[in-house]
Amino acid sequence: MCVVGAGAIGGYVAGRVAQSGLADTSVLARGATLAAIRAGGLVVESGGETVTVPLRAAGTAAELGTQDVVVLAVKAQAAPGAAAAVAGLLGPETVVLPAINGVPWWFFEGFGGPCAGVHLDSVDPGGVLAAAIPVRHVIGTVVHFSCDSPAPGVVRHNSSDRLILGEPSGDTGPGRLAAVAELLGKAGFTVEVSGDIRQNAWYKLWGNLTMNPVSALTGATLGKVLDDDLVRAFCESAMGEAREIGARIGCPISELPADRNVVTRAIGDIRTSMLQDAEAGRPLELDAMTGAVREIGALAGVPTPFTDALHGLARLAERVRLGR
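Anyway, here's the lowdown on the structure attached to this text. This is a predicted model, so every value here is computed, not measured.

1. Focus on the packing of aromatic side chains
How two aromatic rings sit relative to each other is given by the distance of their centres and the angle of their planes. Going through the model one piece at a time under the given rule, you end up with 9 aromatic pairs. A ring pair is formed by Phe-107 and Trp-202, whose centres lie 6.2 Å apart and whose planes are at 35°; its orientation type is tilted. Taken as a pair, Phe-107 in the loop between β7 (95-98) and α4 (128-132) and Trp-202 in helix α6 (residues 197-218) lie far apart in primary sequence, 95 residues in all. Taking the centre distance of 6.1 Å and the plane angle of 25° together, the rings of Phe-108 and Phe-111 count as stacked. Summarising the burial analysis for this pair, Phe-108 and Phe-111 share the class buried. An aromatic cluster is present here, built from Phe-107, Phe-108, Phe-111 and Trp-202 joined pairwise through their rings. A cation over a ring is seen here: Arg-16 above Phe-189, with NZ or CZ 5.2 Å from the ring centre.

2. Notes on the packing of helix α8 (residues 229-249) against helix α12 (residues 305-322)
One way to put it is that α8 packs onto α12 with a least axis distance of 7 Å and a crossing angle of 115°. With respect to the hand of their crossing, α8 and α12 are arranged in left-handed fashion. Contacts between α8 and α12 involve Phe-234, Ser-237, Ala-238 and Glu-241 on the former and, on the latter, Pro-305, Phe-306, Thr-307, Ala-309 and Leu-310. Grouping the constituent residues of the contact of α8 with α12 by class yields 6 nonpolar, 2 polar and 1 charged.

3. Details of the side chain of Thr-264
When you line up the elements, Thr-264 lands in helix α9 (residues 257-267). A residue is classified by how much of its surface remains accessible, and Thr-264, at 4% relative accessible area, is buried. Apart from the residues lying within four places of it in its own chain, the contact partners of Thr-264 are Met-211, Leu-222 and Leu-226.

4. A look at the pattern of salt bridges
For the coordinates displayed, the defined rule picks out 12 salt bridges. With a shortest N-O distance of 3.1 Å, Glu-182 and Lys-186 are connected by a salt bridge. Of this pair, Glu-182 and Lys-186 both sit in helix α5 (residues 176-186), 4 residues apart, roughly one helical turn. When the shortest N-O distance is used, the salt bridge between Arg-282 and Asp-277 registers 2.9 Å.

5. Brief notes about the pairing of strand β4 (residues 49-53)
Across 5 bridges, strand β3 (residues 42-46) lies against β4 in antiparallel orientation. For Val-44, the partnering residue across the bridge sits in β4 and is Val-51.

6. Overview of the sheet that holds strand β5 (residues 56-58)
With parallel pairing, the 5 strands of this open sheet are ordered in space as β5-β2-β1-β6-β7. Edge positions in the sheet fall to β5 and β7, since each has one partner strand and no second. Direction aside, the axes of adjacent strands within the sheet are offset by 20° on average. Against the sheet, helix α2 (residues 31-40) touches β2 (26-28) and β5, its axis set at about 150° to β5.

7. A word on a positive patch on the surface
Together, Arg-315, Arg-319, Arg-321 and Arg-324 make up a positively charged patch on the protein surface. Looking at the element boundaries, Arg-315 is found in helix α12.

8. A word on α12
The end-to-end C-alpha distance of α12, which contains 18 residues, comes to 26 Å, matching closely the 26 Å that a straight helix rising 1.5 Å per residue would cover. Of the surrounding secondary structure, the elements contacted by the buried residues of α12 are α6, α8 and α11 (287-300). Count one or two residues on from α12 and you reach Gly-323, which has phi positive near 70°.

9. Digging into the environment of Val-143
Tracing the backbone shows Val-143 in strand β8 (residues 140-151). Looking at Val-143, the relative accessible area reads 8%, which means it is buried. Excluding residues that lie within four positions of it along the chain, Val-143 makes contacts with Ile-9, Ala-99, Arg-162, Leu-163 and Lys-204.

10. Here we look at the packing of α6 against α12
Where α6 contacts α12, the two axes come as close as 10 Å, and the packing angle between them is 35°. As α6 runs across α12, the sense of the crossing is left-handed. Of the residues in α12, those touching α6 at Leu-209, Thr-210, Pro-213, Val-214 and Leu-217 are Thr-307, Leu-310, Leu-313, Ala-314 and Ala-317.

11. Regarding the pairing of strand β9 (residues 154-166)
Relative to β9, β3 is paired through 3 bridges, and the arrangement is parallel. Considered in β9, the bridge of Val-43 is made with Val-154. The pairing of β8 with β9 spans 9 bridges and is antiparallel. Among the inter-strand pairings, Thr-141 is bridged to a residue of β9, identified as Leu-165. Count of turn residues in the β8/β9 antiparallel hairpin: 2 residues, of which Gly-153 carries a positive phi of about 80°. Sheet topology note: the β9/strand β10 (residues 190-193) ladder contains 4 bridges and is parallel.

Cut-off values and rules
- Counting restarts for each chain: residues are numbered from 1 in the order of the written sequence.
- Residues qualify for local features only when their pLDDT is at least 70, as the model is predicted, and side-chain atom pairs are given and counted only at 80 or more; totals for whole chains, interfaces and linings, by contrast, use all residues.
- Excluding hydrogens and water, the side-chain figures rest on all heavy atoms present in the structure.
- The rule is short: rings of Phe, Tyr and Trp, with Trp giving its six-membered ring, pair when the centres are within 6.5 Å, and they are stacked under 30 degrees, edge-to-face over 60, tilted in between.
- The way it works is that DSSP assigns letters per residue, a run of H or I at least four long becomes a helix, a run of E at least two long becomes a strand, and they are numbered from the N terminus.
- For each residue, the accessible area found with a 1.4 Å probe, counting protein chains only, is set against the maximum for its type, and the residue is called buried under 20%, exposed over 50%, and partly exposed in between.
- Only lysine NZ and arginine CZ atoms are considered, and such an atom sits over a ring when it is within 6 Å of the ring centre and within 35 degrees of the ring normal.
- An axis is simply a line fitted to the C-alpha atoms; with a helix, the fit covers only the stretch in contact. Between two such axes, the angle follows the N-to-C directions and lies from 0 to 180 degrees.
- Crossing handedness: left-handed means the near helix sits turned counterclockwise from the far one by under a right angle, and right-handed means the same turn made clockwise.
- In this description, contact between two residues means that some pair of their heavy atoms is separated by no more than 4.5 Å.
- Amino acids are sorted into nonpolar (Ala, Val, Leu, Ile, Met, Phe, Trp, Tyr, Cys and Pro), charged (Asp, Glu, Lys and Arg) and polar (every other residue, Gly among them).
- The term salt bridge refers to a side-chain nitrogen of Lys or Arg lying within 4 Å of a carboxyl oxygen of Asp or Glu.
- Two strands pair under a simple rule: DSSP has to find at least two bridges between them.
- Residues forming no salt bridge and having over 30% relative accessible area are the ones grouped into patches, like charges within 9 Å of each other and nonpolar side chains (Val, Leu, Ile, Met, Phe, Trp, Tyr) within 5 Å.
- Accessible surface area values rest on a Shrake-Rupley calculation with a 1.4 Å probe, where residue burial reflects the displayed protein chains alone.
- When charges are counted, Lys and Arg are positive and Asp and Glu negative, with His and the chain ends excluded.
- To locate a charge, take NZ of a lysine, CZ of an arginine, CG of an aspartate or CD of a glutamate.
- Here a helix's expected span is defined as the number of its residues, less one, multiplied by 1.5 Å.

Take a look at the structure:
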């Protein structure tokens, strides 16, 4: 198994699997992260314990060769740039787990509804990902745990360990999905096998759609966002738009936005991943979240004025912060 992107999520997956001894585990990294792991291993902090995990770290796919499983764990906006590296790790039977937030590039491949077969430019400009990583290699992956990376080569696990895996086709029979789920389960993750992985991805997006960009815009933690009546009402209006889109594309959500925000509050008063990126001066995953919802809304005939406003404000704030 090779994990492409040894940051917070990718580093935690690589560390867990390498510790289990169930797979020959490597990471494809760059810069300070690559140097740190090569020099001293991957440091994983979890449950009050710190463990240094030795594993192979490479800067190019050619150093590693064909893999059985590739976990793509870069930020959504960096995924097209990582496509060539992933392609260099693929053999005919290689499985790719895209552990990426937002709407995945393969979302409408073989999927019915008004957007069947549509390519999303917001997620995969120019079709780079679709060309490099054909959907036949993909097992859909939805991550439900929280990690951060306080320093290069250091991963801190904060909460939960849940992964949802599913074939884009919906097949849940014996085969590669069951094998990968078993491996990750034995490595310590709580793994759920889904027959409708698109629904799982859309539901997670529904929760992230507003909380992430609003926190990045304001610098507020989840609790502070939800405590402000006006901001919470704005967020629930944008979530209502995404809920209507989901109903039209085959990903219905039975809950109301207020119901979902009760679940969000129970997570705790945390700093979202997008807030962490904003504070660290990194680009944000806006296109795969608010950008994708806007694009799909236009295709499905659902107006998205609240999502449009949130996307525009967060995009402008990012441009100013990064000097663009």
